[in-house]
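What the coordinates show
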Amino acid sequence: MTATYLSYSADETSRPHRTPPADFWMGDLPVVSSGLDVSFDWAGGGVVTTVTDLSRFLRGLQHASVFRRSSTRDEMLACVPTPSSSGRLVGYGLGIRCVETSYGPMWGHTGAWGAAMFLFPRSDVAITGTVNGVFVSGPMQAQVMDAMAALESAGLLGTVSP
């Protein structure tokens, strides 16, 4: 991962700031350009990255090449049943939500600031992206499932052996 860093790291050199962060909105308020302090995001990771790096991370997770020890990946994906915001039970591991879908397992996470990463390991499909909104995980997951349905309709959804 070449363009990823911790936003609130004490190490100034780890924050390249090659481009200014994109604004995101809370209702009619542009958060970044309004100068709001979002340092509370530190508890959520405070990771600044690109969709390319998110996809690279998911692929590394899929192929067990992210961590030195495979037991770390196993722990990350040991998903415990937890209620979603809609009340439905879904799995949650260490920073990864695990949901069983009609396309097999879906691993991923949505960020409070509109970022998303999803992996369907059985189909070898990674979907990453961002939207200019906050706390939009429900609609975003619906769009991901629509994208999977479109891939299946077009005959582009394969199956990978484990």
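Please read these numbers as outputs of a predicted model, since none were measured by experiment.

Rules used in this analysis
- Residues numbered from 1 in each chain as written.
- Predicted model: local features only at pLDDT ≥ 70, side-chain atom pairs only at ≥ 80, totals over all residues.
- Heavy atoms only, no water.
- Disulfide = S-S within 2.5 Å.
- Helix = DSSP H or I, 4+ residues; strand = E, 2+ residues; numbered from the N terminus.
- Buried < 20%, exposed > 50% of the residue type's maximum accessible area, 1.4 Å probe, protein only.
- Pairing = 2+ DSSP bridges.

What about the state of the cysteines?
Under the defined criterion, the tally for this structure stands at one disulfide. Each sulfur of the disulfide joining Cys 79 and Cys 98 lies 1.7 Å from the other. Remark: Cys 98 occurs in strand S7 (residues 97-101) and Cys 79 occurs in the loop between helix H2 (70-76) and strand S5 (80-83); sequence separation between them is 19 residues.

Looking at the pairing of strand S8 (residues 104-110)
Counted residue by residue, S8 has five buried out of seven residues, so it is predominantly covered. Direction of pairing for S7 relative to S8: antiparallel, over a ladder of five bridges. Bridging across to S8, Val 99 finds its partner in Met 106. Between the antiparallel neighbours S7 and S8 lie two residues. Where S8 and strand S9 (residues 115-120) come together, four bridges link them in antiparallel fashion. Paired with Thr 110 across the bridge in S9 is Ala 116.

What about unusual backbone geometry?
Within the chain, Ala 64 stands out as a residue other than glycine whose phi angle is a positive 55°. Position of Ala 64 among the secondary structure elements: in the loop between helix H1 (51-62) and H2. For Ala 64, a relative accessible area of 44% corresponds to the partly exposed category. Even without glycine at this site, Asp 124 takes up a positive phi of about 60°. Tracing the backbone shows Asp 124 in the loop between S9 and strand S10 (125-130). Since its relative accessible area comes to 34%, Asp 124 is described here as partly exposed.

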